[in-house]
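Given next are the chains, with one letter for each unit.
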Amino acid sequence: MSNLYQIEEPSYFIYLLVIPILLVLFLLVFLWKKRVQKNFATIGLLDRLSPEKSTFKYFLKMTVFLLGLAFLIVSLTNPKMGTKLETVKRQGVDIVFALDVSKSMLAEDIKPSRLEKAKQIISKIIDKLGSDRIGIIIYAGNSYPLLPITTDHGAAKMFLQSANPDMVSSQGTAINEAIKLATSYYNNDEQTNRFLFIISDGEDHQDDASSAITQATKEGIKTYTIGIGTEKGGPIPLKYKGEFLGHKKDSKGEVVITRMNPETLKDIADNGNGKYVVGNKTQETVDYVEDILVKAEKSEFETTKFADYKDQFQWFIGFALLFIILDALMFEKKTKWIQKLNLFNKR
């Protein structure tokens, strides 16, 4: 079993930028010295005046000093190592977010866009969670498991930011597939509180979700839907590498206007033992969901985590002191035994 490392103060890594700066300064000083020496005398004369001078030792001292400084900076971050795994009991609920990433979610009738608004809502909900487990599904013409159910909320937010329409192979809004996939996420048979939050603009649904939502409800899943967008709607921007290329057009060359359609989302929530909420106002939506989850009965489950973390900074301080002492004891002169080799028969 491998150990797990933790960095207590990662912000101190910024000081490592001092290393390349000092390296450049050392090199500039070395070149300046060389230029001044050339103005003073020829290379042959300089070798006779200072026969023990060693360029290699200069760079060796520089390397040793910078290594000592690097280890000292790393020690400030206080690396820690988890030496054992332990099973802990937590209380929470299982939550799956099904995020619509179809092209219509790129519409900007809700700023900065429907998709970005949906991400903001999910991210802020995650911030409010305690020991709850979460999973994320994205869907358009088909569904895709973005993140299996986990207690790692940091990983969930990281994966969430990467969600985009290019991650699914076909366009459309196959909400039926998303619900079916969500039912497979709840892997604890004893977990009684299971929540599915579907975030979508409700447009372009290709199939009837009634059978999928009925099955999900039978399995104890409460399905809530969050609608993003306006009924007035807006065009779908087309971009490549952040550059605006125009708006999506239909076969007649007219700009496509996508409008939020809440009816399907309302039906899903009604049949899923949940509620429908308009999610255009981030904080109101987050507060609403938080209230639902706070009132939900928490179930106990087991999870494993690394424990017994021990400080490791002393090792880095030790190496730092070693290199700094070596630098102090080292002179910029040629080593005696190397001089005796006289490889080039110089006298």
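These numbers were taken from a predicted model, which means no experiment stands behind them.

Here is what the cut-offs are and how they apply
- Residues numbered from 1 in each chain as written.
- Predicted model: local features only at pLDDT ≥ 70, side-chain atom pairs only at ≥ 80, totals over all residues.
- Heavy atoms only, no water.
- Core = buried A, V, L, I, M, F, W, Y, C linked by side-chain atoms within 4.5 Å.
- Buried < 20%, exposed > 50% of the residue type's maximum accessible area, 1.4 Å probe, protein only.
- Helix = DSSP H or I, 4+ residues; strand = E, 2+ residues; numbered from the N terminus.
- Contact = heavy atoms within 4.5 Å.
- 1 Å grid on protein atoms, 1.4 Å probe; cavity = no way out; pocket = protein on both sides within 12 Å on 5 of 7 lines; lining within 4 Å.
- Points joined across faces, edges and corners; volume = space filled by probe spheres on them.
- Nonpolar A, V, L, I, M, F, W, Y, C, P; charged D, E, K, R; others polar.
- pLDDT = per-residue confidence, 0-100.
- Pairing = 2+ DSSP bridges.
- Axes fitted to C-alpha atoms, helices over the stretch in contact; angles between N-to-C directions.
- Expected span 1.5 Å × (residues − 1).
- Arc of directions from axis to C-beta.
- Phe/Tyr/Trp six-rings, centres within 6.5 Å; stacked < 30°, edge-to-face > 60°.
- Salt bridge = Lys/Arg side-chain N within 4 Å of Asp/Glu carboxyl O.

1. Some remarks on the nonpolar core
Argument step 1. Counting 35 residues, the largest nonpolar core has Ile-95, Phe-97, Leu-99, Phe-195, Phe-197, Ile-199 and Leu-293 as the members making the most contacts within it.
Argument step 2. Among the elements of the structure, strand 3 (94-100), helix 4 (114-128), strand 4 (133-139), strand 5 (143-150), helix 5 (153-161), strand 6 (194-200), strand 7 (221-227) and helix 9 (282-295) are those that each provide at least two residues to this core.
Argument step 3. In contact with Leu-293, other than residues within four places in its own chain, are Val-93, Ile-95, Ile-125, Leu-129, Phe-195, Phe-197 and Lys-298.
Argument step 4. With 23 residues, the next largest nonpolar core counts Val-96, Ala-216, Met-260 and Ala-269 among its residues.

2. Details of the layout of surface pockets
Argument step 1. Taken as a whole, the second largest pocket holds about 390 Å³ of empty space.
Argument step 2. Along the walls of the second largest pocket sit 17 residues, with Leu-106, Asn-164, Pro-165, Pro-237 and Lys-239 positioned nearest its centre.
Argument step 3. Within the residue set of the lining of the second largest pocket, elements represented by two or more residues are helix 4 and strand 9 (237-240).
Argument step 4. When grouped by side-chain class, the residues that make up the lining of the second largest pocket number 7 nonpolar, 3 polar and 7 charged.

3. Re the confidence of the model for the protein
Argument step 1. The predicted model of the protein has a mean per-residue pLDDT of 82, with 80% of residues at 70 or higher.
Argument step 2. Across residues 341-347, confidence stays below pLDDT 50; counting only partners more than four residues off in sequence or on other chains, it has 0 contacts.

4. Observations concerning the sheet that holds strand 4
Argument step 1. What the 6 strands build is an open sheet, ordered 5-4-3-6-7-12; its pairing is mixed. Each edge of the open sheet carries a strand with a single partner, namely strand 5 and strand 12 (276-278). Sheet twist, expressed as the mean angle between neighbouring strand axes with direction ignored, is 15°.
Argument step 2. Pairing geometry for strand 7 and strand 12, over 3 bridges, is parallel. Bridging from a neighbouring strand, Thr-225 pairs with Tyr-276 of strand 12.
Argument step 3. The sheet strands contacting helix 8 (residues 262-271) are strand 6, strand 7 and strand 12, and the helix crosses strand 7 at an angle near 160°.

5. A few points about helix 10 (residues 313-329)
Argument step 1. With 17 residues, helix 10 should reach 24 Å at 1.5 Å per residue; the first-to-last C-alpha distance of 25 Å fits that figure.
Argument step 2. Taken together, the buried positions of helix 10 are Ala-320, Phe-323 and Asp-327. One face of helix 10 carries all of its buried residues, which in axial projection span an arc of 70°. Facing away from the buried side of helix 10, by more than 90 degrees, are the exposed residues Trp-315, Ala-328 and Leu-329.
Argument step 3. Packing partners of the buried residues in helix 10 comprise helix 3 (55-76).

6. Thoughts on helix 7 (residues 210-218)
Argument step 1. Among all positions in helix 7, only Ala-212, Ile-213 and Ala-216 are buried. For helix 7, the angular spread of the buried residues around the axis is 95°, confining them to a single face.
Argument step 2. Along its buried surface, helix 7 packs onto helix 6 (175-183), strand 7 and helix 8.
Argument step 3. Following helix 7 by one or two positions, Gly-220 adopts a phi angle in the positive range, close to 85°.

7. Brief notes about the packing of aromatic side chains
Argument step 1. For the coordinates displayed, the defined rule picks out 10 aromatic pairs.
Argument step 2. Between Phe-195 and Tyr-224, the aromatic rings sit 6.2 Å apart at their centres with planes inclined by 35°, giving tilted as the arrangement. Here Phe-195 is found in strand 6, whereas its partner Tyr-224 is found in strand 7, with 29 residues between them in sequence.
Argument step 3. Relative accessible area serves as the criterion here: at 1%, Phe-195 is assigned to the buried category.
Argument step 4. Aromatic ring contacts, followed pair by pair, group Phe-71, Phe-316, Phe-319 and Phe-323 into a single cluster.

8. Brief notes about the pattern of salt bridges
Argument step 1. With the rule as written, the count across this model stands at 7 salt bridges.
Argument step 2. One salt bridge connects Asp-109 with Arg-114, and the closest N-O pair in it is separated by 2.9 Å.
Argument step 3. Note on Arg-114: relative accessible area 0%, which makes it buried.
Argument step 4. Residues Asp-291 and Lys-295 are paired through a salt bridge, measuring 3.2 Å at the closest nitrogen-oxygen approach. Placement of both Asp-291 and Lys-295 in helix 9 is noted, with a separation of 4 residues, approximately one turn of the helix.
Argument step 5. Here the salt bridges do not stand alone but share partners, grouping Asp-109, Arg-114 and Asp-201 into one network.

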